[in-house]
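Coordinate analysis (summary)
Residue strings, one per chain:
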Amino acid sequence: MLEAGKRRVIFLHSWYTHPESRSKCRGFFLRNIFLKFFIGKTLDGMRMSEEYLESTEHLDYTCIQPAHLLHGPVTDQKFKLNDTESCVPDAAQAINRADVARYMLDVLEDETSFRKVRAIGVGEP
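Report follows, based on the coordinates.

Cut-off values and rules
- Per chain, residues are indexed from 1 in the order of the written sequence.
- Local features are withheld for residues below a pLDDT of 70 in this predicted model, meaning they are given only at 70 or higher, and side-chain atom pairs are given and counted only at 80 or more; totals for whole chains, interfaces and linings count all residues.
- The basis for every side-chain value is the complete set of heavy atoms in the structure, and neither hydrogens nor water enter the calculation.
- For Phe, Tyr and Trp, rings pair up if their centres lie within 6.5 Å, where Trp contributes its six-membered ring, and each pair is then called stacked (planes under 30 degrees apart), edge-to-face (over 60) or tilted (otherwise).
- In this text, helices come from DSSP runs of H or I with a minimum length of four residues, and strands from runs of E with a minimum of two, each type numbered from the N-terminal end.
- Note on exposure labels: buried denotes an accessible area under 20% of the residue type's maximum, exposed denotes more than 50%, and partly exposed covers the range between, all computed with a 1.4 Å probe on protein chains only.
- Nonpolar core, defined: a set of buried Ala, Val, Leu, Ile, Met, Phe, Trp, Tyr and Cys residues in which side-chain atoms within 4.5 Å join the residues together.
- The criterion used for residue contact is that any of the two residues' heavy atoms lie within 4.5 Å.

**Structural notes on the packing of aromatic side chains**
Evaluation of the coordinates by the stated rule reveals three aromatic pairs. For the ring pair Trp 15 and Tyr 16, a centre distance of 5.7 Å and an interplane angle of 85° mean the geometry is edge-to-face. Measuring from centroid to centroid gives 5.1 Å for Phe 79 and Tyr 103, while their planes differ by 65°, and the two rings are edge-to-face. One end of the pair, Phe 79, is in the loop between β3 (68-70) and β4 (80-82); the other, Tyr 103, is in helix α3 (residues 97-107), with 24 residues separating them in the sequence. Of the two residues, Phe 79 and Tyr 103, both sit in the buried class.

This is the structure in structure tokens:
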């Protein structure tokens, strides 16, 4: 990126990369089995890369953390954002991939989203 003179990059991660946010996960199986035994290490790896990004000075990154991804069409639902936790407690636990793409395009040149690790969601829990 430095050699090419580019600074802007967008990453796609997941809800619950912060271990302390995992306790806010709704549903016994998801919280106590799936997150812990199936994808916990992957989420920990994502968190490590977020910490690395936060320590860099040469990138204008946005790390987007959507909920469970669905195959539905793009909608016009308003996004709910959380820059302090890796989940959005007042949003649904799923989001259409097309809506995540819409959000990525929305923030591509939005300087208020630079250097952010941001959880996104839509709808009601």
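Read on, since the account is not over.
**With respect to the nonpolar core**
Within the largest apolar cluster, eleven residues are counted, these being Trp 15, Tyr 16, Cys 25, Leu 35, Leu 43, Met 46, Ala 67, Cys 87, Val 88, Ala 91 and Ala 119. In this structure, Cys 87 is in contact with Trp 15, Tyr 16, Ser 21, Lys 24, Asn 82 and Ala 119, ignoring residues within four places of it in sequence. Membership of the second largest hydrophobic core comes to eight residues, among which are Ile 64, Val 107, Ile 120 and Val 122.

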